[in-house]
Amino acid sequence: RAKSEGRNAIRFFSPSMQQLFNARAAMESELREALATGGFCLHYQPQVDLDGSIVGAEALLRWEHPRRGLVYPAEFVPLAEEAGLIMDIGRWLLEESCRQLVNWSAHPFTASLALSVNVSVRQFRHPGFVSQVKDIIAATGADAGKLKIEITESLLIQDLEDTKRKMLELKAMGLRFSLDDFGTGYSSLAYLQRLPLDQLKIDQSFVQDVATNQNDAAITRAIISLGHNLGLSVIAEGVETMDQQVFLVREGCQNFQGYLHHRPLSATMFDAFARSRGH
Ligand code: C2E
Ligand code: MG
Ligand code: MG
Ligand code: MG
């Protein structure tokens, strides 16, 4: 009896559950379609130094939906992960990022730029992740030293040994690592020195009120000095106002990303912009 019920279990969903289920199933097949037909693209948000010069960019995934227009990662990355699509999307994303680095390397204004890519926990944990990166770098001929992987603190909480081994393998090829959204997770500070990190990225939730909220100011100040004491570079994300920028500069932060400087740009816009700036 349980078995026959199971087969028809969908009937026992309430109408709204049924709608949700259908919507997710539809989106999952649209995501597969997008993968097969080149429906994703990357936007590039400049990262600048104290002079305001562009030193690199973060690749941000976009889905060019045939009807909905540009869809942002918060709306589809979680489902893509659940549906087991993240390795395939991740492969595309790394390939596209490496192709971009190769393109940039051919022009004096963009040749020195580094590119940061976001790698989700599931993608990083996949047993094939390191060899995927290796293969893509070999196939595209990208300079691994220009590729920075953004990971999050959740990778530090669980299976630290796996994290460390994979990081070391990739670092041996020249890749660098940035710890994204830093301060929002629950990682022990002791882990930070056990991993071969290169950069801390202060989460935008702290940056947002840094000029007006004493707690956020204190946390941000602590992150900057922690990073520097560990020999890491520190970048602030989500910098929107001059007040935030001034605070961050005064506290010793040296790299910045946010709307105050630049919005994420399409590849074409990014190139045009970098060239016009003479970088
Ligand atoms: P994140 O890695 O922390 O990326 C920063 C997010 O902040 C981006 O949103 C960016 O557009 C936004 N942002 C940048 N400057 C500002 C600012 O000044 N103010 C505000 N309010 N926001 C700013 P986006 O592109 O929607 O990405 C959201 C998240 O999606 C990312 O957070 C990242 O966790 C994830 N994501 C993006 N691309 C990928 C990807 O290729 N793979 C995976 N696995 N996740 C990705
Ligand atoms: Mg990021
Ligand atoms: Mg971030
Ligand atoms: Mg963030």
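Located above this text is the structure these notes cover.
A brief look at the structure comes next. Please read these numbers as outputs of a predicted model, since none were measured by experiment.

Cut-offs applied
- Each residue is numbered by its place in its chain's sequence as written, counting from 1.
- Ligands are numbered from 1 and chains lettered from A, in the order in which they are written.
- A pLDDT threshold of at least 70 governs which residues receive local features in this predicted model, and a stricter bar of 80 or more applies before side-chain atom pairs are shown or counted, although totals over entire chains, interfaces and linings include all residues.
- Water and hydrogen atoms play no part in the side-chain values, which are based on all heavy atoms of the structure.
- The donor definition counts N, O and S atoms within 2.8 Å of each metal and applies 3.2 Å to Na, K and Ca; water is not among these atoms, so some sites may look incomplete.
- Burial classes follow relative accessibility: with a 1.4 Å probe on protein chains only, a residue under 20% of its type's maximum area counts as buried, one over 50% as exposed, and anything between as partly exposed.
- Only runs of H or I of at least four residues qualify as helices and only runs of E of at least two qualify as strands under DSSP, and these elements are numbered from the N terminus.
- The contact criterion used is simple: two residues touch if any of their non-hydrogen atoms lie within 4.5 Å.
- The cutoff for a nearby residue is simple: one of its non-hydrogen atoms must lie within 4 Å of the molecule or strand.
- Pairs of N or O atoms within 3.5 Å make up the polar contacts considered here, provided that, within protein, one atom can donate a hydrogen while the other can accept it, and that residues adjacent in sequence are counted only when both atoms are side-chain atoms.
- Amino acid classes used here: Ala, Val, Leu, Ile, Met, Phe, Trp, Tyr, Cys and Pro are nonpolar; Asp, Glu, Lys and Arg are charged; the rest, including Gly, are polar.
- Whenever a carboxyl oxygen of Asp or Glu lies within 4 Å of a side-chain nitrogen of Lys or Arg, that contact is scored as a salt bridge.
- Pairing between two strands is assigned when DSSP locates at least 2 bridges connecting them.
- Think of it this way: a Phe, Tyr or Trp ring, Trp meaning its six-membered ring, pairs with another when their centres are within 6.5 Å, and the plane angle makes it stacked under 30 degrees, edge-to-face over 60, tilted otherwise.
- Sitting over a ring, as applied to charges here, requires NZ of Lys or CZ of Arg to be within 6 Å of the ring centre and within 35 degrees of the ring normal.

Under perfect tetrahedral coordination by four donors, a metal shows angles of 109.5 degrees; under perfect octahedral coordination by six donors, it shows angles of 90 or 180 degrees. Those donors, Asp180 (OD), Asp181 (OD), Glu237 (OE) and Glu237 (OE), are the protein atoms that reach the magnesium ion (ligand 3), and they lie 2.1 to 2.6 Å from it. Every donor residue of the magnesium ion (ligand 3) comes from the same chain, spaced as D-D-x55-E. Separating the magnesium ion (ligand 3) from the magnesium ion (ligand 2) is a gap of 3.7 Å, which Asp180 spans by donating to each of them. Looking at Asp180, the relative accessible area reads 7%, which means it is buried.

Attention shifts here to the environment of Cys98. Topologically, Cys98 is positioned in helix H4 (residues 86–105). Placed 127 residues apart in sequence, Cys98 and Ser225 show a C-alpha to C-alpha distance of 32 Å. Apart from residues no more than four positions distant in its own chain, Cys98 is found in contact with Ile136, Ile137, Thr140, Ala142 and Leu147.

This paragraph deals with the coordination of the magnesium ion (ligand 2). Note on the magnesium ion (ligand 2): its protein donors are Glu58 (OE), Asn118 (OD1), Glu150 (OE) and Asp180 (OD). The metal-donor distances range over 2.0 to 2.3 Å. Binding-site remark: the magnesium ion (ligand 2) is held by donors from one chain whose sequence spacing is E-x59-N-x31-E-x29-D.

The next point concerns the site of ligand 1. Close to ligand 1 lie 21 residues; Arg62, Leu93, Gln204, Glu240 and Tyr259 are nearest. At 3.2 Å, a backbone N or O of Leu61 approaches a nitrogen atom of ligand 1. Among the secondary structure elements, those contributing two or more residues to the shell around ligand 1 are strand S2 (54–65) and strand S6 (176–182). When residues of the shell around ligand 1 are assigned to their parent elements, the largest contribution, four residues, is made by S2. Split into classes, the residues belonging to the shell around ligand 1 amount to eight nonpolar, six polar and seven charged.

Right, let's get into the pattern of salt bridges. All told, the structure shown has 17 salt bridges when counted by the stated rule. Across the salt bridge formed by Asp162 and Arg165, the nearest N and O atoms sit 3.0 Å from each other. Of this pair, Asp162 and Arg165 both sit in helix H8 (residues 160–172), three residues apart, roughly one helical turn. Judged by relative accessible area, Arg165 falls into the partly exposed class, the value being 46%. Through salt bridges with shared partners, one network takes in Arg125, Lys134, Asp162, Arg165, Lys166 and Glu169.

We now examine the pairing of strand S5 (residues 147–151). The element S5 is extensively covered by neighbouring structure, given that five of its five residues are classed as buried. Neither face of S5 is open: one carries Leu147, Ile149 and Ile151, the other Lys148 and Glu150, and all of them are buried. Bridge analysis of strand S4 (residues 114–118) against S5 gives four bridges, and the strand direction is parallel. By the bridge assignment, Leu115 is partnered in S5 with Leu147. Note that S5 and S6 share four bridges and pair parallel. Residue pairing in the sheet places Ile151 in a bridge with Leu179 of S6.

For the coordinates displayed, the defined rule picks out eight aromatic pairs. When the ring centre of Tyr259 is taken as origin, the NZ or CZ atom of Arg263, which lies over that ring, is 3.8 Å away.

Bringing the pairing of S2 into the picture now. With respect to burial, S2 is a largely interior element, ten of its twelve residues being buried. Two strands pair when backbone bridges link them, and strand S1 (residues 40–48) and S2 are joined in this way by nine bridges, in the antiparallel orientation. When the sheet's bridge partners are listed, Tyr44 is paired in S2 with Ala59. Hairpin connection from S1 to S2: five residues lie between these consecutive antiparallel strands, with Gly52 at a positive phi of about 85°. Where S2 meets S4, four bridges bridge the pair, whose relative direction is parallel. The residue bridging Ala59 from the neighbouring strand is Val117, located in S4. The sheet contact formed by S2 and strand S3 (residues 69–71) spans three bridges and is antiparallel. Looking at S3, one finds that Glu64 is bridged to Leu70. Here S2 folds back onto S3 in antiparallel fashion, the turn holding three residues.

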